[in-house]
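Coordinate analysis (summary)
Here is what each chain is made of, one letter per residue.
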Amino acid sequence: MTEAGPVVMRERSSASAAPLDADQVIGMLPHRPPFVFLDRVLTLEPPARAVGLKNVTIAEPWFAGHFPGQAVLPGVLLTECMAQLAGVLIAAEATSVPGQLSAAPSGAAGMLAEIKHFRFRRRIVPGDQVRLEVALKNRVGRVREFSCDASVDRHRAAHGLLVIVA
Amino acid sequence: MDYEKALETAAGRLRICSQLRRMIVDRLDLPIDADWISNDQPIFGRGLELDSVDTMELILGIESEFEVSLTEEDQVAFGSVGRLAERILDDRPALLTLP
């Protein structure tokens, strides 16, 4: 098939070692399937910013119950998508020099400590490609606060702040 | 320093301490009355038992309410509400006499 596939946006910068495919993402996180929610990292600019993709499919197990006959990606899982992208950004900061990414020690990505001011503005359903973006807003020692955005087809789907201790 | 000036300075310090105690309770959602915190009570450890996430919240709060930027290096300042007030006044002595 040569058409109608999801359009993958490529966003490059000189400091970026991205894009990372799903296997490379797994190499940078302590998470393992079925609890890996990032399919690709498009932009990685440690320590400031990362952009990633989550492709939503009806095969994901939670859609059987959330909700029967009306599949909607749970907001907590969308939040987890952004937390994992922030985890990749932190891991990249710990292990990379610009343009050269080495494998991160799994488990070094940090723990989610606070979810602040999240708003979910539209439903995310199977077939959607979610663009995720996290940007470092504040940092005090091991505590980082990220501004997070999720969008589908350039429409904002969710936004908020995540605090991660790493 | 004359007597009137000393009184004004003391009142200013108390006002900043009071604002800090209120900010700590509000921003950290502590289940206590702001007046229960004393100005020399340790904020971390066995004091209010705040953690590193709370530290960042306090730093952001102080920046927003007092326009003073603290960092993790300011550990002495986080010893107590009184010390935080001193640190804020070091940067913004004018706060002492503001209405």
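Scoring rules and cut-offs
Residues numbered from 1 in each chain as written. Chains lettered and ligands numbered in written order. Predicted model: local features only at pLDDT ≥ 70, side-chain atom pairs only at ≥ 80, totals over all residues. Helix = DSSP H or I, 4+ residues; strand = E, 2+ residues; numbered from the N terminus. Buried ≥ 20, exposed ≤ 12 C-beta atoms within 10 Å, placed from the backbone. Contact = placed C-beta atoms within 7 Å. Expected span 1.5 Å × (residues − 1). Arc of directions from axis to C-beta. Core = buried A, V, L, I, M, F, W, Y, C linked by C-beta atoms within 7 Å. Pairing = 2+ DSSP bridges.

Remarks on the overall build of chain A
Within chain A one finds two helices and six strands. Ordered by position from the N terminus, the helices and strands of chain A form the series α-β-β-α-β-β-β-β. Residues classed as buried in chain A amount to 37% of the 166 residues present. Here the contacts in chain A between residues at least 6 apart in sequence split such that 64% fall between residues at least 24 apart.

Brief notes about helix α2 (residues 75-95) of chain A
For α2 of chain A, which comprises 21 residues, the first-to-last C-alpha distance of 30 Å matches the rise-based estimate of 30 Å (1.5 Å per residue) to within 8%. Counting buried residues in α2 of chain A gives 15 out of 21 residues, a clear majority hidden from the surface.

So, the environment of A92 of chain A
Along the chain, A92 of chain A turns up in helix α2. Along the backbone, A92 of chain A and E145 of chain A are 53 residues apart, and their C-alpha atoms lie at a distance of 16 Å.

Description of helix α3 (residues 81-91) of chain B
All names here are of chain B. Of the residues making up α3, those classed as buried are V81, L84, A85 and I88. Each buried residue of α3 sits inside an arc of 100 degrees when the element is viewed along its axis, so together they form one side. Looking at the packing, one finds that the buried side of α3 touches α1 (3-27) and α2 (52-66).

As for the nonpolar core
All names here are of chain A. Among the nonpolar cores identified, the biggest contains 57 residues, and C81, M82, L85, A86, V88, L89 and V134 are the most heavily contacted of them. Per-element accounting of this core gives the leading share, eleven residues, to α2. Not counting residues within four places of it along the chain, the set of residues in contact with C81 comprises F37, L38, K54, V130, L132 and A150.

Quick notes on the pairing of strand β5 (residues 143-152) of chain A
All names here are of chain A. Here strand β4 (residues 129-140) runs beside β5; their pairing, made up of ten bridges, is antiparallel. Looking across to β5, one finds that L136 is bridged to F146. The turn joining β4 and β5, which pair antiparallel and follow one another in sequence, is formed by two residues; a positive phi near 60 degrees is taken by G141. With ten bridges joining them, β5 and strand β6 (residues 155-165) adopt antiparallel strand pairing. When the bridges of β6 are listed, R144 appears paired with I164.

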